[in-house]
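A look at the structure
One letter stands for each residue in the lines below.
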Amino acid sequence: MSAIAKTPEPPYYAVIFSSYRTDADKGYGLMADRMVTLASQQPGFLGIESARDGLGITVSYWDSVEAIKAWRDNVDHMKAQRLGYEKWYTEFKVRVAKVERDYGV
């Protein structure tokens, strides 16, 4: 994921996932790819951006709070979350924000 997400005119929502990883991969890369594919198939998904250099930050964009809740409660996503708690993250935080405006080139 190297492109900046193409989002619609605001308002829309951003889920910001900040994390520090454990040292071992233990299937993380495959699961992360699977979750991006699965998220992109969910109703209300608008795009995703991600970067990691020690601190990882992934921002997914959604058209509604209801779409975010549905993604949070997706059975496969819940399995990935559980594995994250158990194997992949030493620390993480999830924030949900409403995007009121955006701009760029």
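This section reports on the structure supplied with the text. (Residues numbered from 1 in each chain as written. Predicted model: local features only at pLDDT ≥ 70, side-chain atom pairs only at ≥ 80, totals over all residues. Heavy atoms only, no water.)

As for the sheet that holds strand β3 (residues 55–62)
Under the convention used in this document: Pairing between two strands is assigned when DSSP locates at least 2 bridges connecting them. Helix numbering and strand numbering both begin at the N terminus, where a helix is a DSSP run of H or I of at least 4 residues and a strand a DSSP run of E of at least 2. A fitted line through C-alpha atoms represents every axis, and for helices the fit uses only the stretch in contact; the resulting angles, taken between N-to-C directions, go from 0 to 180 degrees. Any pair of residues with heavy atoms lying within 4.5 Å of one another is described as a contacting pair.
Strand order in the open sheet formed by 4 strands is β2-β3-β1-β4, and the pairing between neighbours is antiparallel. Because the sheet does not close on itself, it has two edges, and the strands there are β2 (45–53) and β4 (89–99). With strand direction ignored, the average angle separating the axes of adjacent strands in the sheet is 15°. Here β2 runs beside β3; their pairing, made up of 8 bridges, is antiparallel. Among the inter-strand pairings, I48 is bridged to a residue of β3, identified as S60. Each of β1 (12–21), β2, β3 and β4 touches helix α1 (residues 28–40); the most contacted strand, β2, lies at about 160° to it. In the packing of helix α3 (residues 75–88) onto the sheet, the strands contacted are β1 and β4, and the crossing angle to β4 comes to about 140°.

Notes on the nonpolar core
Going by this rule: As used here, the term nonpolar core means buried Ala, Val, Leu, Ile, Met, Phe, Trp, Tyr and Cys residues forming a set that is joined through side-chain atoms within 4.5 Å. Buried residues are those whose accessible area, probed at 1.4 Å on protein chains only, stays under 20% of the maximum for their type, while exposed residues exceed 50% and partly exposed ones sit between those limits.
M31, M35, W62, W71 and W88 are the most contacted members of the largest nonpolar core, which totals 17 residues. Those elements that provide at least two residues to this core are β1, α1, β2, α2 (65–72) and α3. The leading source of residues in this core is α1, at 5 residues. In this structure, Y12, A14, V59 and V99 belong to the second largest nonpolar core, which totals 6 residues.

Re the layout of surface pockets
Which entries qualify depends on this criterion: A 1.4 Å probe that fits into a set of points on a 1 Å grid over the protein atoms alone but cannot get out defines a cavity; an open set with protein on both sides within 12 Å along at least five of seven lines defines a pocket, and lining residues are those with an atom within 4 Å of a point. Grid points are joined across faces, edges and corners, and a volume is the space filled by probe spheres set on the points. Amino acids are sorted into nonpolar (Ala, Val, Leu, Ile, Met, Phe, Trp, Tyr, Cys and Pro), charged (Asp, Glu, Lys and Arg) and polar (every other residue, Gly among them).
Put simply, the largest pocket is a space of about 930 Å³. Taken together, 35 residues line the largest pocket, and the ones lying closest to its centre are F17, T58, W71, H77 and Y89. When contributions to the lining of the largest pocket are tallied by element, the ones reaching two or more residues are β1, α1, β2, β3, α2, α3 and β4. By residue number, the principal contributor to the lining of the largest pocket is α1, which donates 7 residues. Each residue belonging to the lining of the largest pocket can be placed in one class, and the counts come to 23 nonpolar, 8 polar and 4 charged. Of the pockets and cavities examined, the second largest pocket occupies roughly 250 Å³.

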